[in-house]
Amino acid sequence: MPPKAAACPVCRQPVKPETRPFCSPACRDRDLLQWLGEGYRVPGPAADEGMQKSSDYGLDSDAD
Ligand SMILES: [Zn+2]
């Protein structure tokens, strides 16, 4: 299966191999600036929120 065409996280345009994971050096810079602008926001304990029992789903099928 062919790899999905990745989209630039900045402008959503198709990513070019030379500037992955962005579509252009400009977007790469923009992303970097955004990071700096946010003051290196460290991802907090967000792992606590997404406790989903995905394994629970699908096993239990109602006979219909
Ligand atoms: Zn872009």
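Residues numbered from 1 in each chain as written. Predicted model: local features only at pLDDT ≥ 70, side-chain atom pairs only at ≥ 80, totals over all residues.

- The name an unreviewed UniProt entry gives the protein is DNA gyrase inhibitor YacG, with Sphingobium xenophagum as the organism.
- Listed in UniProt under the heading Subunit (unreviewed entry), the comment for the protein reads: "Interacts with GyrB."
- Recorded in UniProt under Function (unreviewed entry), the annotation for the protein is "Inhibits all the catalytic activities of DNA gyrase by preventing its interaction with DNA. Acts by binding directly to the C-terminal domain of GyrB, which probably disrupts DNA binding by the gyrase." (UniProt positions renumbered as here; feature names shortened; annotations may be inferred.)

1. Regarding the UniProt feature "binding site: Zn(2+)" (unreviewed entry) in the protein
Reasoning step 1: According to UniProt, the feature "binding site: Zn(2+)" (unreviewed entry) maps to Cys 8, Cys 11, Cys 23 and Cys 27 in the numbering used here. These annotated residues cover 20 residues of sequence, but their C-alpha atoms sit close together, with the largest distance between any two at 8.1 Å.
Reasoning step 2: For Cys 11, the location among the structural elements is in the segment before helix H1 (25–37).
Reasoning step 3: Judged by the 13 C-beta atoms lying within 10 Å of it, Cys 11 falls in the partly exposed class.
Reasoning step 4: Once you skip the residues sitting within four places of it in the chain, Cys 11 turns out to touch Cys 23 and Cys 27.
Reasoning step 5: Along the chain, the position of Cys 23 falls in the segment before H1.
Reasoning step 6: Exposure remark for Cys 23: the 21 C-beta atoms within 10 Å place this residue in the buried category. (Helix = DSSP H or I, 4+ residues; strand = E, 2+ residues; numbered from the N terminus. Buried ≥ 20, exposed ≤ 12 C-beta atoms within 10 Å, placed from the backbone. Contact = placed C-beta atoms within 7 Å.)

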